[in-house]
Amino acid sequence: MATSRLALAELAAGPTPAQAATGLTTLLPAGGEVTRIADGVATVAPAPAGGPAPSRRLREAQVVYTLTQFPTVRRVRLAAGPPVGRADYADLLPPVVVTGPTIGARVGSPVTVTGTADVFEATVTVRVLDAAGRTVATTFTTATCGTGCRGDFRIAVAYRVQREQPGTIEAYEVSAADGTRRHVVAVPVTRAASGSRRPRRWS
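Residues numbered from 1 in each chain as written. Predicted model: local features only at pLDDT ≥ 70, side-chain atom pairs only at ≥ 80, totals over all residues. Heavy atoms only, no water.

Quick look at the sheet that holds strand E3 (residues 75-77)
Strand order across the open sheet formed by 3 strands is E1-E2-E3, with mixed pairing between neighbours. Since the sheet does not close on itself, it has two edges, and those belong to strand E1 (33-38) and E3, each with one partner. In this sheet, neighbouring strand axes are inclined to one another by 30 degrees on average, regardless of whether the strands run parallel or antiparallel. Note: E1 against strand E2 (residues 41-45), 5 bridges, orientation antiparallel. Bridge assignment links Ile37 to a residue of E2, and that residue is Ala42. The strands touched by helix H1 (residues 2-13) within the sheet are E1 and E2, with E1 carrying the most contacts at an inclination of about 145 degrees. (Pairing = 2+ DSSP bridges. Helix = DSSP H or I, 4+ residues; strand = E, 2+ residues; numbered from the N terminus. Axes fitted to C-alpha atoms, helices over the stretch in contact; angles between N-to-C directions. Contact = heavy atoms within 4.5 Å.)

Overview of a positive patch on the surface
A cluster of basic side chains, namely Arg36, Arg74, Arg75 and Arg77, defines a positive patch on the protein surface. Inspection of the secondary structure assignment puts Arg36 in strand E1. The exposed category is assigned to Arg36, whose relative accessible area is 52%. (Patch = residues over 30% accessible without salt bridge, like charges linked within 9 Å, V, L, I, M, F, W, Y side chains within 5 Å. Areas by Shrake-Rupley, 256 points an atom, 1.4 Å probe, with all protein chains shown as cover. Salt bridge = Lys/Arg side-chain N within 4 Å of Asp/Glu carboxyl O. Lys, Arg positive; Asp, Glu negative; His and termini not counted. Charge placed at Lys NZ, Arg CZ, Asp CG, Glu CD. Buried < 20%, exposed > 50% of the residue type's maximum accessible area, 1.4 Å probe, protein only.)

Considering the sheet that holds strand E8 (residues 135-142)
The strand order E5-E11-E10-E7-E8 describes an open sheet built from 5 strands, whose pairing is mixed. Of all strands in the sheet, those with a lone pairing partner are strand E5 (106-107) and E8, marking the two edges. Pairing of strand E7 (residues 123-129) with strand E10 (residues 165-174) involves 5 bridges; the strand directions are antiparallel. Bridging across to E10, Thr125 finds its partner in Tyr172.

See below:
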């Protein structure tokens, strides 16, 4: 339970500078904490409340997604109502969500990119950019569900870089109409040197 309490406190404290630079914010005020975890349900008191309904749902979703990242928590009790889970807030998610790597992570080659998506034919494209924003590797995968339902995706992308440097992992949908990138999620990372092995490249 201590880990869950710490995660909730960090959520209330707000994003790091690196996270804020990508547009992440928090809607959770300080003061709430996990008071109990039993049978996979975490109870939060005092429950986040108040404000317009859209903001309240977003705030609740932040709490639920933060706490259910831990295997001991499947649902969250926020008030006197029934416990809620991620599925209760799925409509708030963007079409593409990247769960790994996290913002600011140090990654090596190949880098494993994970997330969820609800996109056309479940196809998610992933590319690795160097410090100058140039593409050094591109591949694609299919989520476990798509076009009206959300599925999970996981793909390893190999790249080559001679020295450690900043980079970006992007995941997005390619428009079937005009080939443009849609719903782009950009995750800034530090790319570790990959040695002399030739890169694999997909298109």
